[in-house]
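Coordinate analysis (summary)
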Amino acid sequence: MNSVFLKTPLASVKGIGPKFIAKLEKIGITSVGDLLWHFPVRYDDWSHITDIKNLRPGEYAVIRAKVKKIGFRKSWIQKLAIVEASLEDESGSIRTIWFGQPFIKRVLGEGKQAFFSGKVLSGKRGIFLSNPAYEVVSDEANIKELFPQHELLAIYPETKGLTSKGIRFVIGKVLPRLINIPDFIPEEILKKNRFPEINQALKSVHCPKTSEEEIAAKRRFAFEELFLLQLGTLLEKKRLAKTKAPSIEFNLDFIKWAFGRLPYNLTFSQKRSLYEILKDLERHQPMNRLLQGDVGSGKTVIAAIAAMETTESGYQAVFMAPTEILANQHYRTFQKLFSDFGHPIGLLTAKSSLAFYGDGLESEMRKKDLLKEVENGKIKILIGTHALIAKSSGESKIKFNNLGLIVVDEQHRFGVRQRAELVQNQARKSSGLVPHFLSMSATPIPRTLAITIFGDLDLSTIDELPSGRKPIITKIVDPLNRDKAYAFIRGEIRKGRQAFVICPRIESQSESGDLVYEYENNEAGGLSAKKSGWSESKTVKEEFEKLSKKVFPDLRVAMLHGKMKAEEKQKTMSDFKEQKSDILVATSVVEVGVDVPNAVIMMIEGAERFGLAQLYQFRGRVGRGEHQSFCFLFTESSSETTGQRLKALLEAKNGFELAEKDLEIRGPGALLGAEQTGLPDTTMRALQNPAMIKLGRQSAEHILEKDASLRSYPALKERLEKFKADIHLE
Ligand code: ADP
Ligand code: MG
């Protein structure tokens, strides 16, 4: 038997078909290690058989039943293969449906006995099993053979044709051949917390003999990532503590001057946040602060004043926005508010390179020249997109003369922090000083979570909106009243207003792997399946078609989605801003900070599919101008939780309240956007567990106290490097 290592490519393991390898590759699994760290989402308990008469909707269950009748048909709308069977045991019978797996009819003939495991759903014609897994049994004797040592069968997230059965098979090939791996978690920590060591834990998580074993292994893996995460952030903190930052004078005259330029008074929280920031800038230690505040709470101006004060002390500041649109917006804000500010401000994006010298003096220049002006220190504030700090062969493209402050707007992305570090490091190389760092986010993050993910940062919070804002009228619209809502929208648009329509992005994969299809009741009373593996652009396109052709053929409807080219997006957005279109149908692309004061309607389709914090963000896109604004939530879901959640949105006083709720209901992944943070799912789930966070923290501190260099923990050091490399990926 050939042995394998974690690094062994799966392609070189005997007995795994190339087709399967290709499918695994699609979800990023290429090595033995990748595969073994692909964890089950749940386990089927095959030792626990439920009688059909005791099945309840919403549960996962295993039954043992005989196939009474089985039939195959194609759904006539979607041309999807449907196998439908009637199963019976001594207690009763139940219907089961498989979508898109026509071969099942061959495998499971009438009269066959089998185990079925899946979720019980309820439809118009009563309860049924949806896409259950099955194991045919010919007689009692082969049950042992089916489940040799363990009765808990791992169920993996099923995507793109990867079945749990297939993954179990491959893991069965790999796990027994794995050369014992050294545990990177120090033994003292394992012992103290009674965590299983790594080789055992891997076995237990994929092929548990008992559920205790499986739980212990999962605990270990949850710990593992929180431990690594916090080890990383603590080390980073230690590293930063040793560095020096430029001290930026708290310049009262300048602040008075800036306040005098504003057309409004800052709110109390704005002032407090600004004070906290300016106090940090004074210190010789680099600031690492997150400025949080609801959409529209006025974060930009705070960062702008901080950036300008930095330049007053002779240092440069860089201001980064997530999109070209926002970078432009910020640049114009600076210009408008502080037209007589004495220092040149530059704008650098993929499309524009401009410099503003005050008093209406603006010049367009070549990118190269602008960069030169930044390098020689003439341009004091540079505004641009994240592309500003994009890596090019390991180094940042832009050289600053003496960078004092980095501001990153709408930073709910983990990766940005790392990229900003690049700039910090590079700036340090030139002057020996590390610039201060300020990030801003409208996604409120509960403190424990923020500290765990972003490291040891300080938080400033703007928790009030500028006075005089009209509350946005928010309504959950009953599907029956859809036409009325459309009529209302038309009325507002006739008055010259504009509307956003947000469509959900439908995920092609569900947590349990069995929601690849959505169920719809058709007229005949049966169920038809709708493939929900739709891409987000498709839902937007369909909605766009519907609205532009059927509902509002008389209005100008535009669309915006993530698959469009950057230029197209930019153009669509600026057209909307300039009122060249009336309705913008979009995906969550518009979630981020765009300011269109004339848009007064936010209509959200499939509202149940969004997190509360996200819905809150969408709603914040309107209500920025003088007119009364409205938010309409459409949902097809009549479930109680959806109702409760949407109601929470109607009632919540601020985004923080909602964020806490979201964290509770859907977990940090939903709150932060799992793809955005780049953290593995398991970490995301672990982040929901405060006790585990604490344990990870204490353990990390303990280890660093003993050996901050990690020289005596080589396996840990290596694993930490890999972990860091993994989460850098965006
Ligand atoms: P966000 O915090 O979402 O980034 P912005 O900085 O874009 O919010 O501010 C939203 C709007 O509120 C801007 O048009 C800005 O000029 C305005 N604004 C900011 N602070 C105040 C204030 N204290 N009073 C009135 N309007 C303000
Ligand atoms: Mg903003």
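Everything numeric here is computed off the predicted structure, so don't read it as measured data. Here, residues in each chain are numbered from 1, in the same order as that chain's written sequence. To read the labels, note that chains go from A and ligands from 1, taken in the order they are written. Predicted model: local features are reported for residues with pLDDT of at least 70 only, side-chain atom pairs are reported and counted for 80 or more only, and whole-chain, interface and lining totals are derived from all residues. Derived side-chain values reflect all non-hydrogen atoms in the structure, with water molecules and hydrogen atoms excluded from consideration.

**Re the site of ligand 1**
One heavy atom suffices: a residue is near a molecule or strand as soon as one of its heavy atoms comes within 4 Å of it. Taken together, 16 residues form the shell around ligand 1, and within it Asn265, Gly296, Lys299, Thr300 and Arg469 come nearest. A 3.5 Å cut-off defines polar contacts: any pair of N or O atoms within that distance qualifies, except that in protein one atom must be a possible hydrogen donor and the other a possible acceptor, and neighbouring residues in sequence count only when both atoms are side-chain atoms. Here Gly298 contributes a backbone N or O atom positioned 3.1 Å from an oxygen atom of ligand 1. For ligand 1, an oxygen atom lies 2.8 Å from a polar atom in the side chain of Lys299. For the shell around ligand 1, the residue count by class is four nonpolar, seven polar and five charged. Residues are grouped as follows: Ala, Val, Leu, Ile, Met, Phe, Trp, Tyr, Cys and Pro are nonpolar; Asp, Glu, Lys and Arg are charged; all remaining types, including Gly, are polar.

**What about the pattern of salt bridges?**
Any carboxyl oxygen of Asp or Glu that lies within 4 Å of a side-chain nitrogen of Lys or Arg is treated as forming a salt bridge with it. Considering all chains together, one arrives at 28 salt bridges under this definition. Across the pair Asp575 and Lys580 runs a salt bridge, and its minimum N-O distance is 3.8 Å. Overlapping salt bridges, with partners in common, bring together Arg73, Glu84, Arg95 and Arg125 in one network.

**Some points on the packing of aromatic side chains**
Here a pair means two rings of Phe, Tyr or Trp (six-membered ring of Trp) with centres within 6.5 Å. Their orientation is stacked below 30 degrees between planes, edge-to-face above 60, and tilted elsewhere. Going through the model one piece at a time under the given rule, you end up with 16 aromatic pairs. Between the aromatic rings of Phe319 and Phe334, the centroid separation amounts to 5.6 Å while the plane-to-plane angle is 90 degrees, which identifies the pairing as edge-to-face. Of this pair, Phe319 sits in strand E9 (residues 316–321) while Phe334 sits in helix H12 (residues 324–337), placing them 15 residues apart in sequence. Accessible area is worked out with a 1.4 Å probe on protein chains only. A residue is then buried under 20% of its type maximum, exposed over 50%, and partly exposed in between. By relative accessible area, Phe334 is classed as buried at 1%. By definition here, charges over rings are those cases where NZ of Lys or CZ of Arg is within 6 Å of the ring centre and within 35 degrees of the ring normal. Positioned over the ring face of Phe221 is Arg220, at 5.7 Å from the centre of the ring. Between Lys279 and the ring centre of Phe250, over which it is positioned, the NZ or CZ distance is 5.0 Å. In DSSP terms, a helix is any run of H or I states spanning at least four residues, a strand is any run of E spanning at least two, and both are numbered starting from the N terminus.

**Digging into the sheet that holds strand E24 (residues 583–586)**
Strand order in the open sheet formed by six strands is E19-E26-E25-E20-E24-E23, with parallel pairing between adjacent strands. Both outer strands of the open sheet, strand E19 (473–477) and strand E23 (557–560), are each paired with one neighbouring strand and no more. Here the average twist between neighbouring strands, direction ignored, is 20 degrees. Bridge count between E19 and strand E26 (residues 630–634): five bridges; the pairing is parallel. By this definition, two strands are paired if DSSP reports at least two bridges between them. Axis definition: a line fitted to C-alpha atoms, over the contacting stretch in the case of helices. Angles run 0 to 180 degrees between N-to-C directions.

**Some points on the sheet that holds strand E16 (residues 403–408)**
The strand order across the open sheet built from nine strands is E12-E11-E10-E13-E9-E16-E17-E8-E18, with neighbouring strands paired in mixed fashion. One side of each edge strand has no neighbouring strand; the edge strands of this open sheet are strand E12 (362–364) and strand E18 (458–462). Between one strand axis and the next, the sheet turns through 15 degrees on average, direction left out of account. Sheet analysis places strand E10 (residues 345–348) next to strand E11 (residues 353–356), joined by four bridges and oriented antiparallel.

**Looking at helix H20 (residues 640–651)**
Over its twelve residues, H20 extends 16 Å from the first C-alpha to the last, a length consistent with the 16 Å expected when each residue adds 1.5 Å. Listed as buried for H20 are Thr642, Arg645, Leu646, Ala648 and Leu649. For H20, the arc enclosing every buried residue in end-on projection is 145 degrees, short of the 170-degree limit, so these residues lie on one face. Counted as exposed and oriented over 90 degrees from the buried face of H20: Glu640, Gln644 and Glu651. Multiplying 1.5 Å by the helix residue count minus one yields the expected span of that helix. It is the directions from the helix axis to the C-beta atoms whose arc is reported.

**Observations regarding the packing of H12 against helix H18 (residues 566–577)**
Packing of H12 against H18 leaves a shortest axis separation of 10 Å and a crossing angle of 45 degrees. Between H12 and H18, the interaxial angle falls into the category oblique. Where H12 approaches H18, its residues Glu324, Ile325, Asn328 and Gln329 are matched on the opposing element by Gln570, Met573 and Lys577. Per-class residue counts for the contact of H12 with H18 are two nonpolar, three polar and two charged. Should an angle fall under 35 degrees it is called roughly parallel, over 145 degrees roughly antiparallel, and 65 to 115 degrees roughly perpendicular, with every other angle called oblique. Throughout, a contact is declared for two residues whenever any of their heavy atoms are within 4.5 Å.

**Things to note about unusual backbone geometry**
At Asn131, a residue that is not glycine, the phi angle is positive and equals roughly 40 degrees. Along the chain, Asn131 falls in strand E6 (residues 126–137). Among the residues examined, Asn131 registers a relative accessible area of 15% and is labelled buried. With a phi angle near 50 degrees, Arg194 is a residue other than glycine that sits in the positive phi range. Looking at where Arg194 falls in the secondary structure, it is placed in the loop between helix H6 (187–193) and helix H7 (198–206).

In short, the description is geometric, and any link to function would need to be established separately.
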